[in-house]
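# Structural overview for review
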Amino acid sequence: MANQSVTHATYAIERTYPASPERVFAAFSDPAKKRRWFADSASGQAESYELDFKVGGNEVTSRMIRGGPYQGTLLTNHSSFQDIVPGRRIVFAYTMSMGDTRISASLATVELSPTEKGTSLVFTDQAAFFEGADGAEMREQGWRKLFEGLEKALVPR
């Protein structure tokens, strides 16, 4: 067996949104709203998406990679909700796999607090990246793009 390694990283992303904590929380808890900014993001629609938003519930997103050296490979994100405080906090464990290969495992926390103009969101990801993983820098960049999509989803249509 080849040498295996794991790289650990923790990073935090802070954002503010011009919406109440209840609206931001709903963008995470409502399957149709979450799919809009998370699963069907700017990079294309998910092949499949499921959300059972409760402690012990799961979220599964699968999408085909559409460019680069891994084009045509299925990327799957599987989350399990560990703690939920409506309007305030979501804690979930998640793994990412490329094809049949698991590339990372993480514990993520979303913290919401009211501000004068809306909501402060703090996202903390504690990750273990395995062989073939995207790594902390690319993962953080991916979450930042997703949170930009969340901002667009919060704008009234």
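Residues numbered from 1 in each chain as written. Predicted model: local features only at pLDDT ≥ 70, side-chain atom pairs only at ≥ 80, totals over all residues. Heavy atoms only, no water.

With respect to the helices and strands, the residue Val-24 is situated in helix α1 (residues 21-29). Of the residues examined, Val-24 reaches a relative accessible area of 0% and is grouped as buried. Each C-alpha atom, one on Val-24 and one on Leu-51, is 16 Å from the other, the two residues being 27 residues apart in sequence. Setting aside residues up to four positions removed in sequence, Val-24 forms contacts with Tyr-17, Ala-19, Leu-112, Thr-119, Leu-121, Leu-150 and Leu-154. (Helix = DSSP H or I, 4+ residues; strand = E, 2+ residues; numbered from the N terminus. Buried < 20%, exposed > 50% of the residue type's maximum accessible area, 1.4 Å probe, protein only. Contact = heavy atoms within 4.5 Å.)

The packing of two helices is summarised by the inter-axis angle and the distance between the axes. Running from N to C, α1 and helix α3 (residues 136-154) cross one another at 115 degrees; their axes reach a closest spacing of 11 Å. Of the two elements, α1 crosses α3, and the hand of that crossing is right-handed. Here Arg-23, Val-24, Ala-27 and Phe-28 of α1 come into contact with α3, specifically with Phe-147, Leu-150 and Leu-154. Looking at side-chain class alone, the contact of α1 with α3 contains six nonpolar, no polar and one charged residues. (Axes fitted to C-alpha atoms, helices over the stretch in contact; angles between N-to-C directions. Left-handed = near helix turned anticlockwise from the far one by under 90°. Nonpolar A, V, L, I, M, F, W, Y, C, P; charged D, E, K, R; others polar.)

Okay, the sheet that holds strand β4 (residues 74-85) next. In space, the seven strands of this open sheet follow the order β1-β7-β6-β5-β4-β3-β2, with antiparallel pairing throughout. The open sheet has two edge strands, β1 (7-17) and β2 (48-51), and neither has a second partner. The mean inter-strand angle of the sheet, taken between neighbouring strand axes irrespective of direction, is 15 degrees. In this structure, β1 lies alongside strand β7 (residues 118-129), joined through eleven bridges in antiparallel fashion. Each bridged residue has a counterpart across the sheet, and for Arg-15 the counterpart in β7 is Leu-121. Across the face of the sheet, helix α2 (residues 31-39) comes into contact with β2, β3 (58-64) and β4 while running at roughly 135 degrees to β2. The strands that α3 touches are β1, β5 (89-98), β6 (101-115) and β7; relative to β1, the one it contacts most, it runs at about 20 degrees. (Pairing = 2+ DSSP bridges.)

Mapped onto the fold, Ser-79 is located in strand β4. Within polar-contact distance, the side chain of Ser-79 engages the side chain of Asn-77 at 3.3 Å. The residues contacting Ser-79, other than those within four sequence positions of it, are Gly-57, Asn-58, Glu-59, Phe-92, Ala-93 and Tyr-94. (Polar contact = N/O pair within 3.5 Å; in protein donor to acceptor, adjacent residues only side chain to side chain.)

Before going further, it helps to spend a moment on the packing of aromatic side chains. By convention here, two paired aromatic rings are described through the distance between centres and the angle between planes. The tally for this structure, following the rule as stated, stands at 13 aromatic pairs. When the centroid spacing of 5.9 Å and the interplanar angle of 35 degrees are considered together, the rings of Phe-38 and Trp-143 count as tilted. On the criterion of sequence distance, the pair formed by Phe-38 in helix α2 and Trp-143 in helix α3 is long-range, its members being 105 residues apart. Accessibility expressed as a relative area gives 5% for Trp-143, which makes it buried. Aromatic pair Phe-92 and Tyr-94: ring centres 5.8 Å apart, planes at 40 degrees, arrangement tilted. (Phe/Tyr/Trp six-rings, centres within 6.5 Å; stacked < 30°, edge-to-face > 60°.)

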